[in-house]
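Read off the chains here:
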Amino acid sequence: MVVNGSAAAADGTAGPVVRVPVSLRVNGTERRIEVDTRTSLLDALRDALALTGTKKGCDQGQCGACTVHLDGRRVLSCLTLAASADGREVRTIEGLERDGVPHPMQEAFARHDALQCGYCTPGQIMSAVALIEEGRAGSDDDVREFMSGNLCRCGAYPHIVAAIRDVATGGRRA
């Protein structure tokens, strides 16, 4: 733990900046960074590791744009402290493809035209992959229920549901 100077606010309420080393296994690669203890996993991924596929949407845990997998479970990276992820496995949208081949969910999103502005797409895809791995894609209603943490419901949403059901019923890898 490293304490760097003082980040005191004008009213004197803020304390010193405390930095801690964090080791993450990100998309199969060991990564070591040092972060302010207040740094979110989202900011660590985007700013310290230059993995900008995970999007910062509302930054309040309401939109799901920042969804990543932590030890195989989906989490909102904007609400997860990077320090709390120390020693854990993180999978981001960049980690879905293998050997240059898109993940079947990425292919299904493209095939079903489930991309509109694309801003929420990485979080939608990460949640969709987890949804299938959790065995919760039995029906369109199941998909809508278990995707409810991903707020965007633009014109592409019916296509997003179709893409998820396609992968769920097509026997493709999740």
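Residues numbered from 1 in each chain as written. Predicted model: local features only at pLDDT ≥ 70, side-chain atom pairs only at ≥ 80, totals over all residues. Heavy atoms only, no water.

So, the overall build of the chain
Phase 1: The number of helices and strands found in the chain is 5 helices and 6 strands.
Phase 2: Start at the N end of the chain and walk to the C end: the helices and strands fall as β-β-β-α-β-β-β-α-α-α-α.
Phase 3: Principal-axis analysis of the C-alpha atoms gives the chain an extent of 55 × 35 × 25 Å.
Phase 4: Counting every position in the chain, which comprises 174 residues, the buried fraction comes to 40%.
Phase 5: Once local pairs closer than 6 in sequence are excluded, the contacts in the chain between residues at least 24 apart make up 53%.
Phase 6: Carbon and sulfur atoms form 49% of the exposed surface of the chain, whose accessible area is close to 8,600 Å².
Phase 7: Of note, the chain has its 20 positive side-chain charges centred 2 Å away from the centre of its 22 negative side-chain charges. (Helix = DSSP H or I, 4+ residues; strand = E, 2+ residues; numbered from the N terminus. Buried < 20%, exposed > 50% of the residue type's maximum accessible area, 1.4 Å probe, protein only. Contact = heavy atoms within 4.5 Å. Areas by Shrake-Rupley, 256 points an atom, 1.4 Å probe, with all protein chains shown as cover. Lys, Arg positive; Asp, Glu negative; His and termini not counted. Charge placed at Lys NZ, Arg CZ, Asp CG, Glu CD.)

Let's talk about the packing of helix H3 (residues 121-133) against helix H5 (residues 157-170)
Phase 1: Where H3 meets H5, the axes come as close as 10 Å, and the angle between the chain directions of the two elements is 35 degrees. Crossing angle aside, the handedness with which H3 passes H5 is right-handed. Along its contact with H3, which presents Gln124, Ala128, Leu131 and Ile132, the element H5 presents Tyr157, Ile160, Ile164, Val167 and Ala168. (Axes fitted to C-alpha atoms, helices over the stretch in contact; angles between N-to-C directions. Left-handed = near helix turned anticlockwise from the far one by under 90°.)

Some words on unusual backbone geometry
Phase 1: One non-glycine residue with positive phi stands out, namely alanine 50, at about 55 degrees.
Phase 2: Mapping alanine 50 onto the fold places it in the loop between helix H1 (41-48) and strand E4 (67-70).
Phase 3: Phi is positive for aspartate 59, close to 60 degrees, though the residue is something other than glycine.
Phase 4: Along the chain, aspartate 59 falls in the loop between H1 and E4.

Brief notes about the side chain of serine 77
Phase 1: Counting through the fold element by element, serine 77 comes out in the loop between strand E5 (73-76) and strand E6 (89-91).
Phase 2: Look at serine 77 and you get buried, because its relative accessible area is 0%.
Phase 3: A distance of 2.7 Å separates the side chain of serine 77 from the backbone oxygen of cysteine 66, its partner in a polar contact.
Phase 4: If sequence neighbours within four positions are ignored, serine 77 has contacts with Ser40, Leu41, Leu42, Thr54, Cys66 and Val68. (Polar contact = N/O pair within 3.5 Å; in protein donor to acceptor, adjacent residues only side chain to side chain.)

Side note on H3
Phase 1: Its 13 residues give H3 an end-to-end C-alpha distance of 18 Å, which sits within 8% of 18 Å, the value for a rise of 1.5 Å per residue.
Phase 2: Taken across its 13 residues, H3 has 12 buried, putting it largely inside the fold.
Phase 3: The complete set of buried residues in H3 reads Thr121, Pro122, Gly123, Gln124, Ile125, Met126, Ser127, Ala128, Val129, Ala130, Leu131 and Ile132.
Phase 4: At its buried positions, H3 is contacted by E4, E5, E6, helix H2 (104-111), helix H4 (140-146) and H5.
Phase 5: One or two residues past the end of H3 sits glycine 135, with phi positive at roughly 70 degrees. (Expected span 1.5 Å × (residues − 1).)

Some points on the packing of aromatic side chains
Phase 1: The full count for this structure, using the stated rule, is 0 aromatic pairs.
Phase 2: Across from the ring centre of tyrosine 157, 4.0 Å away, lies the NZ or CZ of arginine 153, which sits over that ring. (Phe/Tyr/Trp six-rings, centres within 6.5 Å; stacked < 30°, edge-to-face > 60°. Lys NZ or Arg CZ within 6 Å of the ring centre and 35° of its normal.)

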